[in-house]
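Remarks on the overall topology
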Amino acid sequence: NCLDSLMTQAYPDKNITIVLEGGMKYRLKATKLHSTAGVITFVTGQTLAGYAEFEVNSNFDLDTEAQVGGLIFEKINIWGAQPAASDGNFGGQYVFNMAGKGSKIDLIRFVGCDIKWKRGVLRQKDNASTVVKFEIDNCTLDSIAGYGIANSDKEGCVVQNIIVTNSTFSTCKVLFTNTKGKTAPNSIIIENCTFGNCPQGGKFITDFKDEATESAE
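The model shown is predicted, which means the values in this text are computed figures rather than measured ones. (Residues numbered from 1 in each chain as written. Predicted model: local features only at pLDDT ≥ 70, side-chain atom pairs only at ≥ 80, totals over all residues. Heavy atoms only, no water.)

Re the overall build of the protein chain
Broken down by element type, the protein chain carries one helix and 20 strands. Computed over C-alpha atoms, the radius of gyration of the protein chain comes to 16 Å, within 12% of the 17 Å expected from 2.2 N^0.38 for 217 residues, which places it in the range of a compact globule. Counting only C-alpha atoms and orienting by the principal axes, one finds that the protein chain spans roughly 45 × 35 × 30 Å. Looking at the protein chain residue by residue over its 217 residues, the buried ones come to 49%. With 21 positive and 24 negative side-chain charges, the protein chain shows a separation of 5 Å between the mean positions of the two kinds. (Helix = DSSP H or I, 4+ residues; strand = E, 2+ residues; numbered from the N terminus. Rg over C-alpha atoms; globule rule 2.2 N^0.38 Å. Buried < 20%, exposed > 50% of the residue type's maximum accessible area, 1.4 Å probe, protein only. Lys, Arg positive; Asp, Glu negative; His and termini not counted. Charge placed at Lys NZ, Arg CZ, Asp CG, Glu CD.)

Structure below.
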């Protein structure tokens, strides 16, 4: 695909910024990232037409043992088809559904984004993987189902550091957890955020099993 060609052929191990046209809809199909030391940024360019939209039909993943510098989303509506009111999985899609064995990404960052209608935003599954830093700033997240905002859903998976600032969360069944993982983050910072109708079912904003975090604010 085009992203793979940019990462591995045109600009290997380089930072890449992809400027999206405001008001345009871009379809996100299954995208598996290969190793790169660079950080890839998607951002809506200057426009009067509103943010660009990622119509999520699948998700980002990492290849086996891939080492990725980072992925940044800035000023993007990360949506998809509006699910039926009866759909408890809110469409069943993810932004990240990571399964690459031994894979690692240093940074996942959302800035000024609107994210809604997802089964989960970041889910680690099937094999051990590492996210060094997961950041959300000045975002709105709505209608996120049972896999939550960040979920280490396999033993050996970990999100090492979580930083969430100036953001609003609405109707999120689960927020930050390690459903099957046994390693909690080293640090969690949540500042100046609003939570409405979430988490649900008596759950906690942060719910990490087996090991306590070293620091939380």
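Remarks on the packing of aromatic side chains
Here the distance between the centres and the angle between the planes together describe a pair of aromatic rings. Under the criterion given, the structure shown has 13 aromatic pairs. Judged by centre distance (6.3 Å) and plane angle (75°), the ring pair of phenylalanine 169 and phenylalanine 176 falls under edge-to-face. Across the pair, exposure class does not vary: phenylalanine 169 and phenylalanine 176 are buried alike. Relative to phenylalanine 195, the ring of phenylalanine 169 has its centre 5.0 Å away and its plane inclined at 10°; by these criteria the two rings are stacked. On the criterion of sequence distance, the pair formed by phenylalanine 169 in strand E15 (residues 168–172) and phenylalanine 195 in strand E18 (residues 194–196) is long-range, its members being 26 residues apart. (Phe/Tyr/Trp six-rings, centres within 6.5 Å; stacked < 30°, edge-to-face > 60°.)

Brief notes about unusual backbone geometry
Of note, the bond from cysteine 198 into proline 199 is cis; its omega dihedral lies within 30 degrees of zero at -10°. Phi at aspartate 13 is positive, roughly 60°, even though this residue is not glycine. The residue aspartate 13 is located in the loop between helix H1 (2–10) and strand E1 (16–20) in this model. Even without being a glycine, lysine 75 presents a positive backbone phi close to 60°. Topologically, lysine 75 is positioned in the loop between strand E7 (67–74) and strand E8 (76–78).

Observations regarding the side chain of asparagine 97
Turning to its location among the elements, asparagine 97 is positioned in strand E9 (residues 94–98). Those residues within four positions of asparagine 97 in sequence are excluded, and the remaining contacts are Asn59, Phe60, Asp61, Arg123 and Lys125. (Contact = heavy atoms within 4.5 Å.)

Details of the pattern of salt bridges
If you walk through the whole model with that rule in mind, you get four salt bridges. The residue glutamate 135 makes a salt bridge to arginine 109 at a minimum N-O spacing of 2.7 Å. In this pair, glutamate 135 sits in strand E12 (residues 129–137) while arginine 109 sits in strand E10 (residues 103–111), placing the two residues 26 residues apart along the sequence. Assessed through its relative accessible area of 13%, glutamate 135 is described here as buried. (Salt bridge = Lys/Arg side-chain N within 4 Å of Asp/Glu carboxyl O.)

A closer look at the nonpolar core
In terms of nonpolar packing, the biggest core is built from 50 residues, with Phe73, Phe110, Phe134, Ile149 and Phe176 touching the most fellow members. Counting residues per element, this core draws most heavily on strand E13 (residues 140–152), at four residues. Residues contacting phenylalanine 110, with those up to four places away along its chain left out, are Phe73, Ile78, Val95, Phe96, Ile115, Val121, Phe134, Glu135, Ile136, Asp137 and Cys139. (Core = buried A, V, L, I, M, F, W, Y, C linked by side-chain atoms within 4.5 Å.)

Topic: the environment of asparagine 161
Structurally, the position occupied by asparagine 161 is in strand E14 (residues 158–165). Separated by 103 residues in sequence, asparagine 161 and serine 58 place their C-alpha atoms 25 Å apart. With residues up to four places along the chain from it excluded, the contact list for asparagine 161 reads Val132, Lys133, Phe134, Asn186 and Ser187. Of note is the side chain of asparagine 161, whose polar atom sits 2.9 Å from the backbone oxygen of valine 132. (Polar contact = N/O pair within 3.5 Å; in protein donor to acceptor, adjacent residues only side chain to side chain.)

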